[in-house]
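# Coordinates in review
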Amino acid sequence: MTPYAMHTARITARRTETEGIYTFTLRFVDPDVGRAYRFTAGQFNMLYAFGVGEVPISIVSDPAEPAMLEHTIRVAGRVTTVMGGWKVGDVVGIRGPYGKGWPVEKARGRDMVIVTGGLGCAPVVGLINYIFRRRAEYGDLHILHGVKTPNDLLYRDRFDQWRRAPRTKVYLTADQPDKSWRYRIGVVTELFDELTTPPASMVMMCGPEVMMRYAARSLLSKGIAAEDIYVSLERRMECAVGLCGHCQHREHFVCKDGPVFSYTDVKELFGHSL
Amino acid sequence: MTQRMKKSSLDDLITLLWREGFTVFGPVPANEGCSFQEIRRASEIPVGIRDEQEAGRYRLVAGVAGEIFGVTNGAGSLKPFFFAPEETLLEVQRAPRGFQAREVKPAARRAAFLGVRACDLAAVAMQDRIFLQDRFRDTHYEARRADAFFVAVDCTHPAATCFCASMGTGPRAESGFDLALTELEDGFIVRRGSERGEAIAAKLELQPADASDIEEAAKNCAAEMKRRMDTSDLPRLLYDEVENPRWDDVAARCLSCTNCTMVCPTCFCHSVADDQEIEGNMSRRIRRWDSCFSLEHARIHGMNFRQKIRERYRQWLTHKLASWMDQFGASGCVGCGRCITWCPAGIDVTEEVAAIRAGAAKGPA
């Protein structure tokens, strides 16, 4: 397959997560393509709206069922606005999967700390789903999520669901709370005061880079090894195969060397725009 | 075996290449510039012209009588021949149920290039690494590049903006060519670089070279180069110097016009965009040259990683001279000097690197 070949897929389900965020289930039009398709947790596809354009979207469904591809799309720009209008039965373009995903094998049997910030972070939702489907294979799960205002807390139901699950703790904080806010107040990094996790834990993060930089510092001070911290980065991507240059992040191409990186590979780069 | 060729035999070489099925391109100084144009005979290359280059300045001037390859290089490298400035990757046609995407393959063309400089050969080798030797092979580049034939010309005099000797790519062509010519006062020394070159040379009328020819051809113009770049430990220097004050200084002069990236023979950034026909039944995915100097280059929704010119210039230079080495095993700069010549503000990479080195927080490396 050449890097530019695009397949078609049909929307088989559409679910509204919240206003402006939708999860679509896709099935390849060509069953042979569907049967051959495989991905790992944390990888992404390039999704295409006919005549409008293409955007990188991470896969939130489970790699064990590659025929049931799910993507969560947040309406933000020109292309995703059109995608937000996709209906069941619509045909869309898809190529992928691309990139390197989460080190779920390395994390097997260990306690996990998952840190997110800002608006809904699809790469992490896919990861949490992955762990829940294999709950016995992983240790304790700590989910830390920080938002600016309570309105930014998407997937509120899911956080409540996760909170009730065994061996799982959810820590929420808002920077600018209102009266309805029942959780902690402050930035996400302050949540680390509450976090009690053994130094052998694995950390996976997604969110604003400034947040991740501070979070990494807090975690390192708790004795977690730098090699056990992973981050998912976001950059502009147009080709997804490391050729167009847009996602370049110093020596890395985020599309093919990432989007998930070991903290040790990118720690010098947080806060810089190289 | 060192052989010489009469200047009048250049025509035979061109004719031979056409007969072998190549479309022949040569450096044609015209319209106040010089670019590779289709040529059928040697006389289409004006004789006795040289170029005068300086930061932000390019002029064709009267040169040395009888000299065929007097012009070192123009704005155009070989890049557009293999990595097209604009091309269609996909055609997406609306169908009764959805749409169908079809890959568009460029027509393969056998092209021969006459008068290619060592720096540009190094640039082609680098673009090969980028487009062909990575995890994903670029099928479009591959189709255009596959059969290309290169007749190099060794540089016997540098332009004032040249610094290939610093980058280890010239001035003499060492690899990547099929045939290489060194222009003497009354002929050429011919070297073979490949079996294909050997086969062509076998059909040319060549004479044995005498000692004085060889001596004349061995003169290396590296010592005449005015510009140089100290590349020692350059990646580490640039990685460490993200906050060097020189970035502000150069940002105040840089217009972010993208000229440097357009004339650079190794820059590979491109945009991929979908253009829909007005009736709405057909959409094409078009790839166009892009530049890290464009404001949109690092923009995502709600965030621009390189909003300021300071950040964009720093990105370009650091990528070209540092991270490029991590990515592709060699510097992205071949020392052709085009970015210096064609910068409307006259920004000189060799000067910028020297200033960053001089102002390094850790002292000169």
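Residues numbered from 1 in each chain as written. Chains lettered and ligands numbered in written order. Predicted model: local features only at pLDDT ≥ 70, side-chain atom pairs only at ≥ 80, totals over all residues.

## Some details on the domain arrangement of chain B
All names here are of chain B. The following threshold applies: All the domain ranges listed were derived from an automatic or database domain assignment. Each residue gets a C-beta atom placed from its backbone, and two residues are in contact if those atoms lie within 7 Å. Numbering of helices and strands runs from the N terminus, with a helix taken as a DSSP run of H or I at least four residues long and a strand as a DSSP run of E at least two residues long. Any residue that is not Ala, Val, Leu, Ile, Met, Phe, Trp, Tyr, Cys, Pro, Asp, Glu, Lys or Arg is counted as polar, Gly included; the first ten are nonpolar and the last four charged.
Per the domain assignment, the segments making up chain B are domain 1 (3-83 + 102-224) and domain 2 (234-358). Between domain 1 and domain 2, the C-alpha centre-to-centre distance is 27 Å. Tallying the contact residues gives 28 residues for domain 1 and 23 residues for domain 2. If one sorts the elements of the side of domain 1 that touches domain 2 by residue count, helix α3 (residues 118-132) sits on top with eight residues. Taken together, the residues of the side of domain 1 that touches domain 2 break down into 15 nonpolar, nine polar and four charged.

## Looking at unusual backbone geometry
Residue and element names in this part refer to chain A. A cis amide bond links Gly96 to the next residue, Pro97, at an omega of 0°. In this structure, Pro97 sits in strand β6 (residues 91-98). For the bond running from Gly258 to Pro259, omega is 5°, close enough to zero to count as cis. Tracing the chain through its elements places Pro259 in the loop between α7 (254-257) and β15 (260-262). Residues other than glycine seldom take positive phi values, yet Ala240 does so here, at roughly 70°. Counting through the fold element by element, Ala240 comes out in the loop between β12 (229-232) and β13 (248-249).

## Remarks on the confidence of the model for chain A
How we decide: On a range of 0 to 100, pLDDT expresses the predictor's confidence in each residue.
Summing up the model confidence of chain A, the mean pLDDT is 91 and the portion of residues at 70 or higher is 97%. Within chain A, no element has a lower average pLDDT than helix α5 (residues 156-164) of chain A, which sits at 87, and none a higher one than strand β3 (residues 44-49) of chain A, at 97.

## Some words on the domain arrangement of chain A
Residues and elements named next belong to chain A. What the domain assignment lists for chain A is domain 1 (7-98) and domain 2 (104-266). On a C-alpha basis, the centroid separation for the pair domain 1 and domain 2 is 23 Å. Opposite the 16 residues of domain 1 that make contact, domain 2 presents 20 residues. Mapped onto the side of domain 1 that touches domain 2, the elements with two or more residues apiece are β1 (7-18), β3, β4 (53-58), β5 (69-74) and β6. For the side of domain 1 that touches domain 2, the residue count by class is eight nonpolar, five polar and three charged.

## Here we look at the nonpolar core
In plain terms, the rule: Among buried residues, those of type Ala, Val, Leu, Ile, Met, Phe, Trp, Tyr and Cys that are joined through C-beta atoms within 7 Å form a set called a nonpolar core. Every C-beta atom is placed from the backbone, and the number of other C-beta atoms within 10 Å of a residue's own sets its class: buried at 20 or more, exposed at 12 or fewer, partly exposed in between.
The biggest cluster of nonpolar side chains holds 172 residues, and the ones touching the most others in it are Val203 of chain A together with Phe113, Val151 and Ala152 of chain B. Looking at this core, the element that brings in the most residues is α3 of chain B, giving nine residues. Among all residues touching Ala152 of chain B, those that are not within four sequence positions of it are Val116, Ala118, Leu121, Ala173, Phe177, Ala180 and Leu181 of chain B.

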